[in-house]
Amino acid sequence: MNVDLLKNTSSVSEFILLGLSNSQEIQIFLFAIFFLVYVAIIVGNLLIVISVIVDNHLHSPMYFFLANLSFFDLCLSSAATPKVIADFLRKRKTISLWGCMAQMFFMHFFGGGEMSLLIAMAMDRYVAICKPLHYKTIMNRRALIVFLLLSWATGFIHTTSQMVFTVGLPFCGPNAVDSIFCDLPLIIKLACTDTYILELLVIANSGLLSLVCFILLLISYIVMLVTIWQHSSTASSKAVSTLSAHITVVTLFFGPAIFIYAFPFNSYSVDKFLSVFYSIITPLLNPIIYTLRNQEMKAAIKRLSSQYLGSWLTS
């Protein structure tokens with residue numbers, strides 16, 4: 001009875017997030033930066049989603065995937081960023097045990113889904129460049145729905161296969177996390193039990209998923225570039241122009257992810273800054289890259305802005 005009582009009273013109910021700095025001035029500066037970045041993420045990605053929905057010129061497979069990518073970016077960033085921003089104004093940065101578990105669940109859910117969605121986008125570009133005459137037949141509505149459902153399923157399986165073992169871990173000792181949000185490898189290290197097997201599972205699950213997806217994308221890009229080089233006259237200029245933007249986004253997304261899980265338990269400071277880049281900067285760069293390099297998207301956003309601004313001024 002006394003032993004059980006001792007275990008209950010010594011169990012961890014919250015984690016302390018150490019953040020990026022202890023300086024109040026720096027934290028206020030970071031609050032302003034992160035707040036502005038998050039607002040830009042919301043506005044930029046929402047503009048893409050709304051433009052694709054309401055503009056008939058963007059009702060194509062490529063923009064269907066782009067709108068869903070922006071939705072994933074919105075959700076991925078919102079899983080942690082609002083809490084991060086609020087913590088910059090707090091002296092003691094804490095998060096409850098179940099709040100931490102929920103944060104990790106949704107970050108890996110939307111992160112895993114985005115990985116497979118990027119593969120679907122690469123498939124779309126492959127068909128547009130390598131099989132342009134059969135593009136509408138292959139990338140039909142049914143194929144788009146299947147690709148989207150596979151992305152959601154991949155994200156769910158990816159996060160569930162890790163979190164199902166994490167939620168049952170006993171936490172009874174240290175509860176300080178050297179990050180701005182709950183990072184799965186760091187949380188696992190705080191458990192009061194041997195987590196070596198689980199650490200390997202996390203590396204195999206997240207690391208190999210990132211690596212395999214990146215290799216598949218790399219192979220598809222090589223095939224597409226060879227096709228462009230051999231049949232430059234028949235390749236669609238629009239499809240070719242969007243390929244470079246897609247390659248840039250994929251590199252920015254998978255680069256930090258592979259680095260994080262290649263060295264997950266050794267360099268906490270590097271892991272911390274790469275996590276910031278992966279969850280906050282990348283969702284901001286995606287809409288910038290796709291809008292600045294895409295004339296149709298820029299035109300659609302201008303039409304959307306002028307339409308609603310005009311109706312607001314006349315009302």
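Residues numbered from 1 in each chain as written. Predicted model: local features only at pLDDT ≥ 70, side-chain atom pairs only at ≥ 80, totals over all residues. Heavy atoms only, no water.

> Please explain the side chain of Gln162 as it appears in this structure.
Turning to its location among the elements, Gln162 is positioned in helix H7 (residues 141-166). The class for Gln162 is buried, based on a relative accessible area of 1%. Excluding residues that lie within four positions of it along the chain, Gln162 makes contacts with His108, Leu184, Val202, Asn205 and Ser206. (Helix = DSSP H or I, 4+ residues; strand = E, 2+ residues; numbered from the N terminus. Buried < 20%, exposed > 50% of the residue type's maximum accessible area, 1.4 Å probe, protein only. Contact = heavy atoms within 4.5 Å.)

> Got a minute to help me understand the UniProt feature "transmembrane region" (unreviewed entry) in the protein in this structure?
With numbering aligned to this structure, UniProt lists the feature "transmembrane region" (unreviewed entry) at residues 28-50, 62-81, 101-122, 143-165, 208-228, 240-263 and 275-293. Between the first and last C-alpha atoms of residues 208-228 the distance is 30 Å; the span itself is 100% helix and 0% strand. (UniProt positions renumbered as here; feature names shortened; annotations may be inferred.)

> I tried to follow the pattern of salt bridges on my own but got confused; where do I start?
Going through the model one piece at a time under the given rule, you end up with six salt bridges. Here Glu14 ties to Arg92 by a salt bridge, and the two come within 3.0 Å at their closest N and O atoms. Remark: Arg92 occurs in the loop between helix H4 (81-87) and strand S2 (94-96) and Glu14 occurs in strand S1 (residues 14-17); sequence separation between them is 78 residues. Residue Glu14 is classed as partly exposed on the basis of its relative accessible area of 26%. Between Asp124 and Arg125 there is a salt bridge; the shortest N-O distance is 2.6 Å. (Salt bridge = Lys/Arg side-chain N within 4 Å of Asp/Glu carboxyl O.)

> Hey, could you run me through the sheet that holds strand S3 (residues 176-177) in this one?
The strands making up a sheet associate through hydrogen bonds between their backbones, and the pairing can be parallel or antiparallel. Reading across from one edge, S2-S1-S3 is the order of the three strands in this open sheet, with mixed pairing throughout. Strands at the two margins of the open sheet, each flanked by one partner only, are S2 and S3. Pairing of S1 with S3 involves two bridges; the strand directions are parallel. Residue pairing across strands places Ile16 opposite Ala176, the latter belonging to S3. Here helix H5 (residues 97-130) sits on the sheet and contacts S1 and S2; the angle it forms with S2, its principal contact strand, is near 85 degrees. (Pairing = 2+ DSSP bridges. Axes fitted to C-alpha atoms, helices over the stretch in contact; angles between N-to-C directions.)

> Would you take a moment to explain the packing of H5 against H7 for this structure?
For any two helices packed against each other, one specifies the inter-axial angle together with the distance between the axes. Relative orientation of the contacting elements H5 and H7 amounts to 145 degrees, with a least axis distance of 7 Å. Relative to H7, H5 is oriented so that their crossing is right-handed. Per-class residue counts for the contact of H5 with H7 are 13 nonpolar, twelve polar and no charged. (Left-handed = near helix turned anticlockwise from the far one by under 90°. Nonpolar A, V, L, I, M, F, W, Y, C, P; charged D, E, K, R; others polar.)

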